[in-house]
Amino acid sequence: EAGVAQSPRYKIIEKRQSVAFWCNPISGHATLYWYQQILGQGPKLLIQFQNNGVVDDSQLPKDRFSAERLKGVDSTLKIQPAKLEDSAVYLCASSLGAHQNNSPLHFGNGTRLTVT
Amino acid sequence: SQQGEEDPQALSIQEGENATMNCSYKTSINNLQWYRQNSGRGLVHLILIRSNEREKHSGRLRVTLDTSKKSSSLLITASRAADTASYFCATEGEYRQFYFGTGTSLTVIP
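Here is what the cut-offs are and how they apply
- Residues numbered from 1 in each chain as written.
- Chains lettered and ligands numbered in written order.
- Predicted model: local features only at pLDDT ≥ 70, side-chain atom pairs only at ≥ 80, totals over all residues.
- Heavy atoms only, no water.
- Helix = DSSP H or I, 4+ residues; strand = E, 2+ residues; numbered from the N terminus.
- Contact = heavy atoms within 4.5 Å.
- Polar contact = N/O pair within 3.5 Å; in protein donor to acceptor, adjacent residues only side chain to side chain.
- Pairing = 2+ DSSP bridges.
- Axes fitted to C-alpha atoms, helices over the stretch in contact; angles between N-to-C directions.
- Disulfide = S-S within 2.5 Å.
- Buried < 20%, exposed > 50% of the residue type's maximum accessible area, 1.4 Å probe, protein only.

## Points about the environment of Arg69(A)
All names here are of chain A.
Thought 1: Here Arg 69 lies in the loop between strand E7 (65-68) and strand E8 (75-79).
Thought 2: Expressed as a C-alpha distance, the spacing of Arg 69 and Gly 108, which sit 39 residues apart in the sequence, is 16 Å.
Thought 3: The contacts of Arg 69, once residues within four sequence positions are left out, are Pro 25, His 29, Ala 30, Thr 31, Leu 32, Phe 49, Gln 50, Asn 51, Asn 52, Asp 74 and Ser 75.
Thought 4: Separated by 2.5 Å, the side chain of Arg 69 and the backbone oxygen of Ala 30 make a polar contact.
Thought 5: There is a polar contact of 2.9 Å between the side chain of Arg 69 and the backbone oxygen of Asn 51.

In structure tokens form, the structure reads like this:
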């Protein structure tokens, strides 16, 4: 099966600019996650979708971050305006739906964002 | 924060030795999972242990879970250079949110 696809692989922007990341989950996976991983730390959950609905966005900085999954498949994460502390790897993951207990997460290779 | 913590933060061993890393968490769980992350890549699922299980094996991996102490350990036996990676534990929230620990960086010296 094809894995989770993410693009771009790398992105360098200046502070106050905007940036968008794209994720295509594994076919048939209803749940999609965006994580932020700062160098040397574990992934931090930003937002979780079940189909096209938001399950948890409690750790998403909503003043600058937004995410959508309009058709319940692909998702886009946007940052506007970016700050220096947003420099991190942004990981997308997917899994079978909310009723599939004990199914693991499948991760993409991430987008490495550098804000200068 | 619901994030767990792994220790040690870094571990360096010789090829063929065993590697043990520990995870502590704060909330009640349905299951606990371990993931591996190679440099510059996404995380890969290794093994899952349910809250009613105490020990689980998969190949060279052995996981234990002590829910009374809110802790888990991952043992990798007969380590190989290819096992060099970061290892994370993850706990599952009520609505299948997954919270990751701080990670253990393992280096296996050939």
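Okay, back to it.
## Details of the sheet that holds strand E1 (residues 5-7) of chain A
Residues and elements named next belong to chain A.
Thought 1: The sheet built from four strands is open, its strands ordered E1-E3-E8-E7 with antiparallel pairing. In this open sheet, the two strands that pair with only one neighbour each are E1 and E7. Strand-to-strand twist in this sheet, taken as the mean axis angle between neighbours without regard to direction, amounts to 15 degrees.
Thought 2: With four bridges joining them, E7 and E8 adopt antiparallel strand pairing. Looking across to E8, one finds that Ser 66 is bridged to Lys 78.

## Examining unusual backbone geometry
Thought 1: The linkage connecting Gln80(A) with the following residue, Pro81(A), adopts the cis geometry, with an omega of -5 degrees.
Thought 2: Looking at the element boundaries, Pro81(A) is found in the loop between E8 and strand E9 (88-95).
Thought 3: At the junction of Asp7(B) and Pro8(B), the peptide bond is cis and its omega measures out at 0 degrees in the coordinates.
Thought 4: Along the chain, Pro8(B) turns up in the loop between strand E1 (5-7) and strand E2 (10-14).
Thought 5: Positive phi outside glycine occurs at Arg16(A), with the angle close to 80 degrees.
Thought 6: Following the sequence through the fold, Arg16(A) ends up in the loop between strand E2 (10-13) and strand E3 (19-24).
Thought 7: Although it is not a glycine, Ala78(B) sits at a positive phi angle of roughly 45 degrees.

## Focus: the state of the cysteines
Thought 1: Going through the model one piece at a time under the given rule, you end up with two disulfides over all chains.
Thought 2: Residue Cys23(A) pairs covalently with Cys92(A) via a disulfide, S to S 1.9 Å. Judged by the sign of its S-S torsion, about -70 degrees, the bond between Cys23(A) and Cys92(A) is left-handed. With a gap of 69 residues between them, Cys23(A) in strand E3 and Cys92(A) in strand E9 connect regions that are remote in the sequence.
Thought 3: Under the relative-accessibility criterion, Cys23(A) is labelled buried at 0%.
Thought 4: Each sulfur of the disulfide joining Cys23(B) and Cys89(B) lies 2.0 Å from the other. Measuring handedness by torsion sign, the sulfur bridge of Cys23(B) and Cys89(B) sits at about 70 degrees and is right-handed. Pair noted here: Cys23(B) is in strand E3 (residues 19-24) and Cys89(B) is in strand E9 (residues 85-92), with a separation of 66 residues, a long-range link.

## Re the pairing of strand E8 (residues 71-76) of chain B
A regular strand places its side chains so that they alternate between the two faces of the sheet.
Residue and element names in this part refer to chain B.
Thought 1: Burial within E8 is extensive, with five of its six residues counted as buried.
Thought 2: The pairing of E3 with E8 spans six bridges and is classified as antiparallel. In the sheet register, Cys 23 faces E8, and the bridge partner there is Ser 72.
Thought 3: The sheet contact formed by strand E7 (residues 61-66) and E8 spans six bridges and is antiparallel. Note that in E8 the partner of Val 63 across the bridge is Leu 74.
Thought 4: As consecutive antiparallel partners, E7 and E8 are separated by four residues, and within that stretch Lys 70 has a phi angle of approximately 50 degrees, a positive value.

Everything listed is a geometric property; what it means functionally is a separate question.
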